[in-house]
Number of protein chains: 2
Amino acid sequence: MAGGKGMASHGGGPYETGLDRNAANYAPLTPLTFIERAASVFPDRTAIVHGAIRRSWSETYARCRRLASALTKVGIGPGDTVAVMGANTPETFEAHFGVPITGAVLNAINVRLDPATVAFILAHCEAKVLLTDRELSRTIAPALASLERRPLVIDIVDDSVEGGELLGAMDYEAFLATGDPHFPWRGPADEWQAIALNYTSGTTGHPKGVVYHHRGAYLTAVSNVLMWDMPANPIFLWTLPMFHCNGWCFPWTLALLAGTSVCLRAVRVEPIFDLIKAEKVTHLCGAPIVLGTMGKASVELTEGLPPGVKVLTGGAPPPPSVIERMEQMGFEVTHGYGLTESYGPALVCTWPGGDDSDDMPLAERARLKARQGTRVPMLDEMMVADPETLRPVARDGETLGEVFLRGNTVMKGYFKNPTGTEECFAGGWFHTGDLAVWHPDGCVEIKDRSKDVIISGGEKISSLEVESVLYRHPAVLEAAVVARPDPKWGESACAFIALEADVEIDERDVISFCRRHLAHYKVPKSIVFGPLPKTPTGKILKNVLRQRAKALALLV
Amino acid sequence: MAGGKGMASHGGGPYETGLDRNAANYAPLTPLTFIERAASVFPDRTAIVHGAIRRSWSETYARCRRLASALTKVGIGPGDTVAVMGANTPETFEAHFGVPITGAVLNAINVRLDPATVAFILAHCEAKVLLTDRELSRTIAPALASLERRPLVIDIVDDSVEGGELLGAMDYEAFLATGDPHFPWRGPADEWQAIALNYTSGTTGHPKGVVYHHRGAYLTAVSNVLMWDMPANPIFLWTLPMFHCNGWCFPWTLALLAGTSVCLRAVRVEPIFDLIKAEKVTHLCGAPIVLGTMGKASVELTEGLPPGVKVLTGGAPPPPSVIERMEQMGFEVTHGYGLTESYGPALVCTWPGGDDSDDMPLAERARLKARQGTRVPMLDEMMVADPETLRPVARDGETLGEVFLRGNTVMKGYFKNPTGTEECFAGGWFHTGDLAVWHPDGCVEIKDRSKDVIISGGEKISSLEVESVLYRHPAVLEAAVVARPDPKWGESACAFIALEADVEIDERDVISFCRRHLAHYKVPKSIVFGPLPKTPTGKILKNVLRQRAKALALLV
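Cut-off values and rules
Residues numbered from 1 in each chain as written. Chains lettered and ligands numbered in written order. Predicted model: local features only at pLDDT ≥ 70, side-chain atom pairs only at ≥ 80, totals over all residues. Heavy atoms only, no water. Pairing = 2+ DSSP bridges. Helix = DSSP H or I, 4+ residues; strand = E, 2+ residues; numbered from the N terminus. Axes fitted to C-alpha atoms, helices over the stretch in contact; angles between N-to-C directions. Least-squares fit on C-alpha atoms with pLDDT ≥ 70 in both. Contact = heavy atoms within 4.5 Å. Buried < 20%, exposed > 50% of the residue type's maximum accessible area, 1.4 Å probe, protein only. Buried area = accessible area lost by both parts, 1.4 Å probe. Salt bridge = Lys/Arg side-chain N within 4 Å of Asp/Glu carboxyl O. Polar contact = N/O pair within 3.5 Å; in protein donor to acceptor, adjacent residues only side chain to side chain.

Caption draft 1: Structural detail: the sheet that holds strand β25 (residues 490-499) of chain B. Residue and element names in this part refer to chain B. If you walk across this open sheet you meet the three strands as β24-β25-β26, and the pairing is mixed. Looking along the sheet, the strands with just one partner apiece sit at the ends: β24 (476-486) and β26 (526-529). Pairs of neighbouring strands in the sheet enclose a mean axial angle of 25 degrees, with direction left out of account. Strand direction decides the pairing type here: β24 and β25, joined by 10 bridges, are antiparallel. Bridge pairing in β25 places Pro485 opposite Glu491.

Here is the structure:
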């Protein structure tokens, strides 16, 4: 138990005497209690839907206990890592409970990573068991081949997809069959114990392993309900990958609410709309790119859509136009901001509601909703501050500062990386590396990553601001803006643009468009057309573009 | 901080190395963060309405900080007790934040107690400051007079009522004026620190002081939202006294949701319905007796009532007929069960919802809703078990056992009462003293207090069951059933009945009514008509009735 006898705070006296923790009045916080309760209180409610599969909470809990039991039999316990290379299927969902029930740590791997990175992760986290989806064997096979110590491999075989090869000792169902559905277990002895490990996909260097604990996962699961005003028994469509911050901790939230998970392997517009209608989906999450995909739905697809489906977006700043399109289709969009280090959502752009705001024109509403917002209920403190002095900036909507977070829903630290942990927690705050302004209403608006800011003639230019103007140009498919060395100004903005198919515009068109929407010094001085380089997860490689911009400067 | 270095759990290894608690990733749980956040994120939303008074969350927070500052100036700090003898007014609400901000403990006193009991409480809790409502001076003046050490007395002067006298050094507003609205504060260093002290009004002996901590208050505030499926920004009518388990922790829930508190001094049917309509109330709580009062509303009063106002009832088993009447008027009733020792709600009768259950006849629905239900989300464990062996009883809806609770929302213990604390936590479970059956669907149904069970010819009779049949007789106003020594059966049921005005029935009418609705052995063998003896809080004094029943047996 955390604390315990002898940890009495200031004061002491009769309020601290004979009133210690005991088995009746103290239990470590863990989201594992949620599934036990869901199975006990709502045994027959549907927990998960995947194709023809439809399982109740009592069935799902029995499968999670089988998994825990099977893992225990092969030697898994506290301090061990179990990795999952899984799509959004029941198996990945079950791993969020079955693995921590054993006391071990779940490492859900981003399925879009390349074999070398996956191999790095499996070695770094010292995975003893790997659950891997057959469809992903093309990545996993070479990753496993390069490992010195191969984990026990269990194949997840999803009949809804073909292809891929079996790599493991046995398949997931056979493995479950070795386990006891009534496996007796206790939660962690200490709520600070690790529950999950998530590697951040940085654009440079090795990925860093972010460690979550049971307390933080419990509180984030609760915070999700409160920040999004979720009712009991939501029907949740898995448009968000479960490997992103453990699906922003929503597997645990769904157990808390005894909700239904509707699985989805691939983000494609038809199955999304079909499932929303067929399963009466009430909630879904996704990065702005998912919303962008949904925005391309045909009129036929959007017909018969239930009104007011709630959409939570985050992971990158959503262009207001994307929010606007979603709301036109009848979705209710909420925008959150977070990082892997904050278990997912840390800020949320809470809609004020009421007559004034609800009558607001859609475009204005979308612009306001595109801001990152204010802290979620379970995040204890947040500030926009000077990165050097940690002094909060003025709430004037103009002064740029870094976003700092603090509280129980901030990670334990980086795995086997004490220097990185110490640096990111310097001064007793978590440094997000995101630059933002603080509005008078308390809302934060992200302007840039620290390293993406461009300083031109002493003025700071937010590459994000320039990009968001470029995105409003109808011919622009994708845009990225970086600093280019400039003999006169020090740096200037350089824009890399991928155009929509079958359109033709030139540099001058773009520059004159930017002049109409940006301060003069912010307008890109050079424009480069062509496809943008990306990471396997789809992040634009700004460091590559920076090199190109440098080379460009040398050419002139 | 609870725990900290050196508290690593089993396992250890890289997940426990260099990943300690620090200011960035750990904060003690306290509901005080909720008001800070409400004031920061929703500064202009209405926090409280009382007559002509209407204050926002930023104003309310400033007043709470003033109160904390003023208390600090008179020497209040961690380990101290501040007592409040207050009606449901803004001052009592503010004390729930202002007092713990100083680190001190809030003792909200039941305003219906007699002077001697209040004096006992003030002495036992060693109150250094007493905030007291002028209207309650008739109780407080004699209580103070009998104290050896008089606390600093501050008068709450509510202009909405007349009468009473000023007893204190100054009034509440003058006291607030001595405080700083920007008072800087930190939460408790340890979440196990006491936040509140609530005396239970037992029917025998001295009241026991139940100690709450910040962690439990935080989790109960959250649990209330989840158990009742509360949306953001509810409008909450204070039909429940704030001195009952700190209003079941709802002052903190309302800060968490940035909801509105609509104050109400006295439970009378007209103001309740007028306020529901005028303030568009969405939620209210109350004991069954409050619902009984509301059920007497005239047709005019119920006209124009907003549909679907949510009502949470608990504190005593509600007669199904009371629930039925409320639902007929359009209220949505949820029934919870709890004790002072469980911060209020511990079980909730969650309505299954769905087509089957929603089409159920009202009476059947009311009967099911009258059961006590299953555990709330933040209560970790619950069982109905044999009081001796602690072995769970069968979930057959028939076997009687005691209700046991366990988890973070169970009190620290009884204040200055180590023996009582140890006894109630024997075996690592909190013993509620309530007897219940466990239904196959997991729902608990309370049948009696342990000491109220009647054993007749070896068969257990639930006095509650007999009472609930008696209440269905149209002539019965109040009923209480106790054991009466019986030469043949050991004990038999003896009913004390207060009749409605202007009706006349006799013993035989009652017995034949009971025969139609009860097993033969459960039918009372003797009936006594007349008013029932009660505590100042309105609880029927069953121990007095037991003495009378004994005397009756001797007479025969």
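Caption draft 2: Expanded view of the relation of the copies chain B and chain A. Between chain B and chain A, which share one sequence, the superposing operator has a rotation angle of 180 degrees and an axial displacement of 0.0 Å; the RMSD is 0.1 Å. Both copies of the chain, as the preceding transformation shows, are related through a two-fold rotation axis. An overlap of 100% is found between the interface residues of chain B and their copies at the interface of chain A, pointing to a shared contact surface.

Caption draft 3: How the structure looks around the pairing of strand β1 (residues 46-50) of chain A. All names here are of chain A. Across the five residues that make up β1, a large majority, four, are buried. Examined bridge by bridge, β1 and strand β2 (residues 53-56) share four bridges and lie antiparallel to one another. Bridge assignment links Thr46 to a residue of β2, and that residue is Ser56. Here β1 folds back onto β2 in antiparallel fashion, the turn holding two residues, of which Gly51 has a positive phi close to 55 degrees. Inspection of the sheet shows β1 paired to strand β11 (residues 260-262) by two bridges, in the parallel sense. Across the sheet, residue Val49 finds its bridge partner in β11, namely Val262.

Caption draft 4: Molecular detail of the interface of chain B and chain A. Counting from both sides, the interface comprises 82 residues of chain B and, opposite them, 82 residues of chain A. Both sides together, the interface formed by chain B and chain A hides about 6,400 Å², and carbon and sulfur atoms give 56% of it. The largest per-residue losses of area from chain B upon contact with chain A belong to Tyr15, Leu19 and Trp192 of chain B, which jointly make up 13% of the total buried on that side. Among the salt bridges present, the one from Arg375 of chain B reaches Glu36 of chain A, with a minimum N-O distance of 2.4 Å. Remark: the boundary between chain B and chain A carries 30 residue pairs in polar contact (both at pLDDT 80 or more). Within the residue set of the side of chain B that touches chain A, elements represented by two or more residues are α1 (32-41), β8 (194-200), β9 (208-213), α7 (214-228), β16 (374-375), β18 (401-406) and β19 (413-414) of chain B.

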